[in-house]
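So you can see what is in the structure, the chains are spelled out below.
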Amino acid sequence: MNHRLIRYLGPALTLGLIGGAILLLYRSLSEMHIPELWHDLHEFRLSAILTAAGLTVVSHLALTSYDYIGVRYIKRRLAYWRVALAAFTAYSISHSLGFASVTGTTIRYRLYSRWGFGAVEVAQIMAMAGVTLFLGMFLIGGVALLLDGGRVQDWSDLPSSGINALGVLCLALVAAYGTVGYFRKEPLSLWGFKLRVPSPGFAGVQIAVSGIDWLLVASVLYVLLPPNDVFNFATFLGVFVLAYFLGIISNVPGGLGIFEAVILKSLHGSVPSEAVLSSLLVYRGVYHLLPLTIGGVIFMVNEFKRSQERREPAGPKAVDRRG
């Protein structure tokens, strides 16, 4: 019975999030005028787009550090440019296509396997990168809940004490991860795998890198949003992390619709929906579609090289694992 419940819980959650997103989008966009949307898009500030593009570049550089942390975690050596190539390609594609656990792992394996990494090692890199991602999310989200929990309270029936407790829980998880290395040195056994406990210094690097990355990602959209009296950057962080988190757990490609619904809801009634939607469309283009195009080209070039290597006569060729 429990197995059947767990089996259907994920799809039910996804459908519930999609349904809620559709309802929020309908309410937020019911009075939208298409001509005004097109006008806002054509009049979009070039300086804001260029700033968002620059922040996107820096953010994706931070993302490549997630994989590098994973490579160091499994104690392998590989040139940073190769790790960055694999990480950028995987993230740029999986962020847009969704199902990151499948698409991201597959793309990484296709690239890392050329440099002598096995499937288990790639899975470990992916797992450590995922942990790093959520550490930053919990850190930024926890701080935002404690500093601006009233905004979440406006959207839900949660009491302020519950919101504060959730913020404390998020920060407690980050603190526990960062300090567990002080108390336990032996590896953990999980599903038949031996997992080495990160040292406090190693965990601190993960938390710092991820926290910076989340600040950068949020900045990409923040500089694109129209001027408003609802958000300063600190209060915007909580809404952004919540929108991104719901998009991730929904498994909808890129969190499309769910992410937009939360942002539109947060500004509904204060800023014209056309202006907010134009900002979201530009954000999708800058942070998702542009990297997706570049990452797709890199992946196709890699696949072409793999096919060429298969056609070459086999010979004694050493694998350069360090770059």
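Note that the coordinates shown come from a computational prediction; the quantities given were computed from them, not determined experimentally.

Quick word on unusual backbone geometry
Part 1 of the reasoning: Although it is not a glycine, Lys75 adopts a positive phi angle of roughly 60°.
Part 2 of the reasoning: Topologically, Lys75 is positioned in the loop between helix H3 (46-73) and helix H4 (80-97).

Focus: the environment of Ala52
Part 1 of the reasoning: Positionally, Ala52 belongs in helix H3.
Part 2 of the reasoning: Look at Ala52 and you get buried, because its relative accessible area is 0%.
Part 3 of the reasoning: Sequence spacing of Ala52 and Leu216 is 164 residues, and the spatial spacing of their C-alpha atoms is 9.5 Å.
Part 4 of the reasoning: Not counting the four nearest positions on each side in its chain, Ala52 is found in contact with Val220, Val223, Leu224 and Val286.

Some words on helix H11 (residues 273-311)
Part 1 of the reasoning: Between the first and last C-alpha of H11 there are 55 Å, a value that for 39 residues agrees with the 57 Å anticipated at 1.5 Å per step.
Part 2 of the reasoning: Of all the bends found along H11, the most pronounced is centred on Gly285 and spans about 35°.

Quick word on the side chain of Asp67
Part 1 of the reasoning: Within the secondary structure layout, Asp67 lies in helix H3.
Part 2 of the reasoning: A distance of 2.9 Å separates a polar atom in the side chain of Asp67 from a polar atom in the side chain of Arg108.
Part 3 of the reasoning: Leave out the neighbours within four places in its chain, and Asp67 touches Val83, Ala87, Tyr91, Arg108, Tyr112, Ile125 and Ala129.

Brief notes about the packing of aromatic side chains
Part 1 of the reasoning: On inspection of all chains with the given rule, the structure shows 16 aromatic pairs.
Part 2 of the reasoning: Here Tyr112 and Phe117 contribute two aromatic rings whose centre-to-centre distance is 5.3 Å and whose plane-to-plane angle is 45°, an arrangement assigned as tilted.
Part 3 of the reasoning: Look at Tyr112 and you get buried, because its relative accessible area is 0%.
Part 4 of the reasoning: Where Trp214 meets Tyr244, the ring centres are 5.1 Å apart and the plane angle is 85°; that geometry is what we call edge-to-face.

Scoring rules and cut-offs
Residues numbered from 1 in each chain as written. Predicted model: local features only at pLDDT ≥ 70, side-chain atom pairs only at ≥ 80, totals over all residues. Heavy atoms only, no water. Helix = DSSP H or I, 4+ residues; strand = E, 2+ residues; numbered from the N terminus. Buried < 20%, exposed > 50% of the residue type's maximum accessible area, 1.4 Å probe, protein only. Contact = heavy atoms within 4.5 Å. Expected span 1.5 Å × (residues − 1). Bend = angle between axes of the 7 residues up to and from the residue. Polar contact = N/O pair within 3.5 Å; in protein donor to acceptor, adjacent residues only side chain to side chain. Phe/Tyr/Trp six-rings, centres within 6.5 Å; stacked < 30°, edge-to-face > 60°.

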